[in-house]
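# Chain and residue survey
Each chain, letter by letter, is given below.
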Amino acid sequence: MRSVEDQQAMVVDAAVTPEPIRVGILDALGLMCAEEIAATAPLPSFSQAAVDGYAVRSVDVGGTAGLRLAAEPPEEQDGGETTERRTPHRDRTLPVVGEVAAGSQKPLRLQPRQAVRVATGAPLPTLADAVLPLEWSDRGRKRVTPSRAVRTGDFVRKPGSDIQPGDIAVRQGSVLGPAQIGLVAAAGREKVLVYPRPRVTVMSYGLELVDVDRDPGLGQVYDVASYAVAAAAEEAGADVVRAGIVNAEPRRLRETIAGHIARSEVVIVIGAVGGSGADVIQDVLREMGELDTQRVAMHPGSVQGFGLLGEERTPVFLLPSNPVSALVIAETLVRPAIRQSLGKASVARRTVQARSVRHIDSIKGRRGYIRARLMRDMETGEYLVESLGTLDGSAAHLLAGFAEANAMIRIPEDVLQVRPGEFVDVEFLQQRS
């Protein structure tokens, strides 16, 4: 029986990164950049106000003259008395000779002992070397009196202070988040070369299955697992196609699967393990490449398969038809492969330690994955976890508990039981609000 770590390493190493394509920058969010993007102009490209206020020469408001303004602490005179050293109003008050809005293209020139009202992002007038914030003044419209000094460069965004021409704005291999999208836009680019989301095809196999648009007859069940696994793959970041229920005739099976392998980075076949009927589809798949159906030391989901099929050696997962087992495998093995294809820094879910509030039994020699509700004690900040299922055959198949879960408890292979109050490792699932 293969360990979970060895199975994870095998599928992650086989993950396929799609060929890069060029997309609009808003469509690139969350994708890995496939090119190096260099800035062609400084950002910002001109000196601009960082706050609403007044463009001034710092020397005119005491910033370079060492003047002590009224807002500063008083000094002691001989005899212990205190006094404030004030600069006379007539020395500090400046006429406001204009106003510049953000986006203004009208050049202004500041003369000594003058101020210009500026908005955040507005270009600074010539000779201005600082911005006096509104909060540091009396907010005058025709004349302004500062309450504090500013120094050269205060509250000014200098040209190239963010990016200089030739600087690398976004590196190849970076995952494009909101900040990276902004840098691509700052480089004047409408489109960017990215590795697209991996194409994942999900199909089901089983004579007992019917799709949700039909009423099941005697001995038939809805094809639930393919919908659940397709949703899990899409939530992981894949571009998913659900191919439905495939035909049981070997020649048709081979043609259908070969077609999907040729245009997918990952193929998932549900119902291809765990039953006598699975032998037919496994025989077909073995004719198309390498297929491994060794059991994995986990529960649920021990019975599974993985192969590299077709000329492109496309990764193919074989999952059981039980929806809970299929979802556990999708979380534990399929999701890391998808995240690897996307170039994510971390392919695993976030894991924390939490104190169990219930007794949990596990299975010797297998890693247990139990859906659970993760909580937090508001007073202590400690994580608490409540199991919503069991690992015995009586309830391990129930999907309703998974629907209520926001986490999975992960129990090591050598642990047979968890007592209330003991700590366990818990993996976060998708946040549900």
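Up top is the structure.
Calculation rules
Residues numbered from 1 in each chain as written. Predicted model: local features only at pLDDT ≥ 70, side-chain atom pairs only at ≥ 80, totals over all residues. Heavy atoms only, no water. Pairing = 2+ DSSP bridges. Helix = DSSP H or I, 4+ residues; strand = E, 2+ residues; numbered from the N terminus. Buried < 20%, exposed > 50% of the residue type's maximum accessible area, 1.4 Å probe, protein only. Phe/Tyr/Trp six-rings, centres within 6.5 Å; stacked < 30°, edge-to-face > 60°. Axes fitted to C-alpha atoms, helices over the stretch in contact; angles between N-to-C directions. Contact = heavy atoms within 4.5 Å.

### Focus: the sheet that holds strand β14 (residues 191–195)
Through backbone hydrogen bonds, the strands of a sheet pair up, either in parallel or in antiparallel fashion. Ordered in space as β1-β14-β2, the three strands form an open sheet in which the pairing is antiparallel. Edge positions in the sheet fall to β1 (21–24) and β2 (32–33), since each has one partner strand and no second. Of the strand pairs in this sheet, β1 and β14 are connected by four bridges, and their pairing is antiparallel. Across the sheet, residue Gly 24 finds its bridge partner in β14, namely Lys 191.

### Some words on unusual backbone geometry
With an omega of -5°, the peptide bond running from His 299 to Pro 300 counts as cis. Along the chain, the position of Pro 300 falls in the loop between β21 (298–299) and β22 (305–309). The residue Leu 127 is not glycine, and still its phi comes out positive at about 80°. Even without a glycine there, the phi angle at Arg 313 is positive, about 50°. With respect to the helices and strands, Arg 313 occurs in the loop between β22 and β23 (314–319). With a relative accessible area of 40%, Arg 313 lands in the partly exposed category.

### Digging into the packing of aromatic side chains
By the definition in use, this model includes three aromatic pairs. Both rings, one in Trp 136 and one in Phe 155, keep their centres 5.3 Å apart while their planes meet at 90°; by these two values the pair is edge-to-face. Linking Trp 136 in the loop between β10 (130–133) and β11 (143–144) with Phe 155 in the loop between β11 and β12 (156–157), this pair joins segments that are 19 residues apart in sequence. With 6.2 Å between their ring centres and 85° between their planes, Tyr 383 and Phe 428 make a pair best called edge-to-face. Note that Tyr 383 is positioned in strand β27 (residues 383–387) and Phe 428 in strand β30 (residues 423–428), a separation of 45 residues in sequence.

### Focus: the sheet that holds strand β18 (residues 239–245)
Across the sheet, which stays open at both edges, the six strands sit in the order β18-β15-β19-β23-β22-β20 with mixed pairing between neighbours. Whereas interior strands pair on both sides, the edge strands pair on one side only; in this sheet they are β18 and β20 (289–292). Along the sheet, successive strands turn relative to each other by an average axial angle of 15°, direction set aside. Sheet topology note: the strand β19 (residues 266–270)/β23 ladder contains four bridges and is parallel. Counted as the bridge partner of Val 267 is Val 316 from β23. Sheet strands in contact with helix α5 (residues 250–262) are β15 (199–204), β18, β19, β22 and β23, and its direction is about 160° off that of β15.

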